Amino acid sequence: MFSQAVFYFFAVLAVASAILMVTRRNIVHGAVFLITTLLATAGIFLQLEAEFLFVVQIILYVGGIMVLFVFVIMLVNLDVSMRLVQFNHQRFVAGTLALILGAQVFLAFKVGRGMLPHPAQQVMSPKNTEAVGDALFTHYMLPFEIASILLLVAMIGAVVMAKRRV
Amino acid sequence: MAPLMLSPEHYLMLSLALFTIGVIGVLTRRNVIIILMSIELILNAVNINLVAFSRLWGDVNGQVFAIFVITDAAAEAAVGLGIILAFFRNRETLLADEMDLLKW
């Protein structure tokens, strides 16, 4: 019962602030609403007993990526851009197509719901961080190293892109 | 540890709602920064699915995949924002439909 209340609270918070993020005129407001969505998702992770990801979500997404976004918004923000039309020419076609995509996946879930496994039997290990670290450094050793190379490449790419004269 | 109380459809529906909102944002907005933030929202919706199924199977592999997705999101945000900065310096605009140098 408590678990359900937590889920519905964070789910409504996440969806509502996501809608506000997409529709706001001011980019800074959009960024703040995206932060709210990400924090609500962190709450969902905690409700799913993924404690390590809960902390990673807050530190990395909210503390890292969103601060980067807010910095770039500060560097490029134009007061003129708030007075322009915020949606492009194909907005109605694009919105309808996106909603049709959503309805399609919804129908697929409705049809296939009987094939999902029964959730009540499984229990997670109480040592979540230890289990994640164990999987990350044994089974996923090579992907982990590749991810570090990816981050190095992204770092060099970002520096090259943001430099004035290369 | 108590077993999971909610059915997996709850998480699938939440993830689907966030994903659809993100797609609408990518397809309809003109501002490039909002488009990039909508992509972050889409990746986040995927993460909810991964963690929900990880909980469903009582297995930690889905969470490891979610960590890799977060890594990719960080790399994508860094490079994307660098491109936006470089573009803004050249053209003084942030609107996606004015980025038409390669169009004829």
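Below or above, wherever it landed, is the structure these notes cover. All of these numbers come straight from a predicted model, not from anything done at the bench.

Overview of the overall build of chain B
Next up, step 1: Across its full length, chain B carries 3 helices and 0 strands.
Next up, step 2: Listing each helix as α and each strand as β along chain B from the N terminus yields α-α-α.
Next up, step 3: Compactness check: chain B gives a C-alpha radius of gyration of 18 Å against a globular reference of 13 Å for 104 residues, more than 25% above the reference.
Next up, step 4: Seen along its three principal axes, the alpha-carbon backbone of chain B occupies a region of about 55 × 25 × 20 Å.
Next up, step 5: Within chain B, the proportion of its 104 residues that are buried is 52%.
Next up, step 6: Contacts in chain B between residues far apart in sequence, at least 24 positions, make up 49% of those at least 6 positions apart.

Some words on unusual backbone geometry
Next up, step 1: You will see that E49(A), though not glycine, has its phi angle at about 65 degrees, which is positive.
Next up, step 2: With respect to the element layout, E49(A) can be found in the loop between α2 (27-47) and α3 (51-76).
Next up, step 3: At E92(B), a residue that is not glycine, the phi angle is positive and equals roughly 55 degrees.
Next up, step 4: What makes E92(B) exposed here is the crowd of 11 C-beta atoms within 10 Å.

Focus: the interface of chain A and chain B
Next up, step 1: Each side of the interface is counted separately: chain A has 73 residues, and chain B has 63 residues.
Next up, step 2: Looking at the side of chain A that touches chain B, the elements that each hand over two or more residues are α1 (2-23), α2, α3, α4 (91-112), α5 (128-137) and α6 (141-162) of chain A.
Next up, step 3: Sorting elements by how many residues they give to the side of chain A that touches chain B places α3(A) first, with 13 residues.
Next up, step 4: Residues belonging to the side of chain A that touches chain B are distributed by class as follows: 57 nonpolar, 13 polar and 3 charged.

What counts as what
Residues numbered from 1 in each chain as written. Chains lettered and ligands numbered in written order. Predicted model: local features only at pLDDT ≥ 70, side-chain atom pairs only at ≥ 80, totals over all residues. Helix = DSSP H or I, 4+ residues; strand = E, 2+ residues; numbered from the N terminus. Rg over C-alpha atoms; globule rule 2.2 N^0.38 Å. Buried ≥ 20, exposed ≤ 12 C-beta atoms within 10 Å, placed from the backbone. Contact = placed C-beta atoms within 7 Å. Nonpolar A, V, L, I, M, F, W, Y, C, P; charged D, E, K, R; others polar.

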